[in-house]
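Below are the chains, spelled out letter by letter.
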Amino acid sequence: MKATSTKEDFLIWLLKHDSQWAFDNLYRMYAHRLFAFALEYCHHKETAEEIVEDTFIWIWNHRHDIKQEKTLFNLVFIKARHLLINAYRATLNSPHFEDYVDYANSLGTESQGSQLEYDDFMRVIKQGLERLPPTQRRVIELSRFEQKSIKEIAAMLGLKEQSTRNQLSLGLKQLMTFIGRSGYGMLPVLLLIH
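Residues numbered from 1 in each chain as written. Predicted model: local features only at pLDDT ≥ 70, side-chain atom pairs only at ≥ 80, totals over all residues. Heavy atoms only, no water.

Per an unreviewed UniProt entry, the recorded name for the protein chain is ECF sigma factor, and the organism is Segatella baroniae F0067. According to UniProt, the comment filed for the protein chain under the heading Sequence similarities (unreviewed entry) is "Belongs to the sigma-70 factor family. ECF subfamily." (UniProt positions renumbered as here; feature names shortened; annotations may be inferred.)

The following block contains the structure:
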């Protein structure tokens, strides 16, 4: 019995029967990998930690509905991916990000392709940012990823507020063009945020 008590299928069975011990063991199995996965995309330790915590809160709250019997790997990472998309959407503060969520969901939640599309999208965003002049890139990062106001960004970078607005506008236009050329024609609307 001792040897099987650490097998994931047994832990899942116990979890479905309300075992906090099994939940803790499953958490220990996945938390580190899930944190690394989340951090790769959001680049904020606190956000990555929240993704891990929210994923496992969801797992606990839905433990009686879990259909998986052998491993929670796909379920855990699919849930984390959805939370990352939601966090990214909230960070961009744009209702237009629903276009990407709809697009990703149309590929199917169990589909490996949907993860690849999201990974590809994030890679294109990073490449586009790297092509921008340093000031434009920094203004976009502060505005869209750190949710700083124009006034805060201007103070941080030693710019006038109008110059900051101009840099943001120019940078977003260039980024949208790059994303459009990369095959995400419907996604540049994500960046039309004023």
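Caption draft 1: Inspection of the pattern of salt bridges at higher detail. Under the definition given, this model contains 4 salt bridges. For Arg-63, the salt bridge is made with Asp-18, and the minimal N-O distance between the two is 2.7 Å. A residue pair is termed long-range when its members are at least 10 positions apart, and Arg-63 in the loop between helix H3 (45-61) and helix H4 (73-92) and Asp-18 in the loop between helix H1 (8-16) and helix H2 (20-42) qualify at 45 residues. The class of Asp-18 is partly exposed, set by a relative accessible area of 39%. Two residues, Glu-141 and Arg-138, come together in a salt bridge whose shortest N-O distance is 3.5 Å. Here the residue Glu-141 and the residue Arg-138 both occupy positions in helix H7 (residues 134-145), the gap between them amounting to 3 residues, near one helical turn. A residue is classified by how much of its surface remains accessible, and Arg-138, at 32% relative accessible area, is partly exposed. (Salt bridge = Lys/Arg side-chain N within 4 Å of Asp/Glu carboxyl O. Helix = DSSP H or I, 4+ residues; strand = E, 2+ residues; numbered from the N terminus. Buried < 20%, exposed > 50% of the residue type's maximum accessible area, 1.4 Å probe, protein only.)

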